[in-house]
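# Working through the structure, step by step
The primary structure of each chain is shown beneath.
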Amino acid sequence: MSAPMEVVLSADSAGQLFNCAAFDPHSGSEFLSYRGGNTSSRALTVLNGEYILGAQLGKNFINVWEIQRKDQLQQKIVCPGIVTCLSASPDGLYVLAGIAEAVYLWEMSTGNLLAILSRHYQDVSCIRFTDDSSHFVSGGKDNLALIWNLFRCVKSFTHHFSFVFSLNCGYKS
């Protein structure tokens, strides 16, 4: 395995040249591209620095590519509905997918579905783990932002006037 390096991942929803590609952030040059389908907005994530996961636009599956492979063998994870957003935990243990009004939580070491979390009453539009992988935040078309501790909602933010379309988690200095 080669030494870790910083990359920029970009998904192309039109899918003319690639589904997603890895670029050098300093030179802007592309050094790997991954083919097959189109990735939805807010549905591209990296799992444990080894795999790229991208939810197929308008379909019920997630494309999986090994980051280091030159000869790409695209794999798929079939889901129970169209995936609207996707996030892998920083520790590589879990993957979350927003499907309709629910959040699906998988354990990656076994592939088991651990939970289907339902608290939104409209589609989940974005999802993000905290840096320590202990919690995650989901946002939805119902104007809610919810904080979860993997298996239950611990806090609800209800004062949004429109749907929540993006989230970020990080440390305050």
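Residues numbered from 1 in each chain as written. Predicted model: local features only at pLDDT ≥ 70, side-chain atom pairs only at ≥ 80, totals over all residues. Heavy atoms only, no water.

Taken residue by residue, the protein gives an average pLDDT of 86. The fraction at 70 or more is 92%. Within the protein, the element-level pLDDT minimum falls on strand β3 (residues 30–34), averaging 85, and the maximum on strand β9 (residues 94–99), averaging 96. (pLDDT = per-residue confidence, 0-100. Helix = DSSP H or I, 4+ residues; strand = E, 2+ residues; numbered from the N terminus.)

With that settled, the discussion passes to the sheet that holds strand β12 (residues 124–129). The 4 strands lie next to each other as β12-β13-β14-β15, forming an open sheet whose pairing is antiparallel. Of all strands in the sheet, those bounded by a partner on one side alone are β12 and β15 (153–157). For this sheet the average axis-to-axis angle between neighbouring strands, irrespective of direction, equals 20°. Pairing analysis gives 5 bridges linking β12 to strand β13 (residues 136–140), with the strands arranged antiparallel. Residue Val124 lies in a different strand from β13, and its bridge partner there is Gly140. (Pairing = 2+ DSSP bridges. Axes fitted to C-alpha atoms, helices over the stretch in contact; angles between N-to-C directions.)

Read from one edge of the open sheet, 4 strands run β8-β9-β10-β11, paired in antiparallel fashion. Bordering the open sheet on either side are β8 (83–88) and β11 (113–118), each of which pairs with just one other strand. Going from strand to strand, the sheet's axes swing by 20° on average, the running direction of each strand aside. Where strand β10 (residues 102–107) and β11 come together, 5 bridges link them in antiparallel fashion. Paired with Val103 across the bridge in β11 is Leu117.

Burial runs high along β12: 5 of the 6 residues are buried. Remark: 6 residues form the turn of the hairpin made by β12 and β13, two consecutive strands paired antiparallel; Ser133 in that turn has positive phi of roughly 65°. (Buried < 20%, exposed > 50% of the residue type's maximum accessible area, 1.4 Å probe, protein only.)

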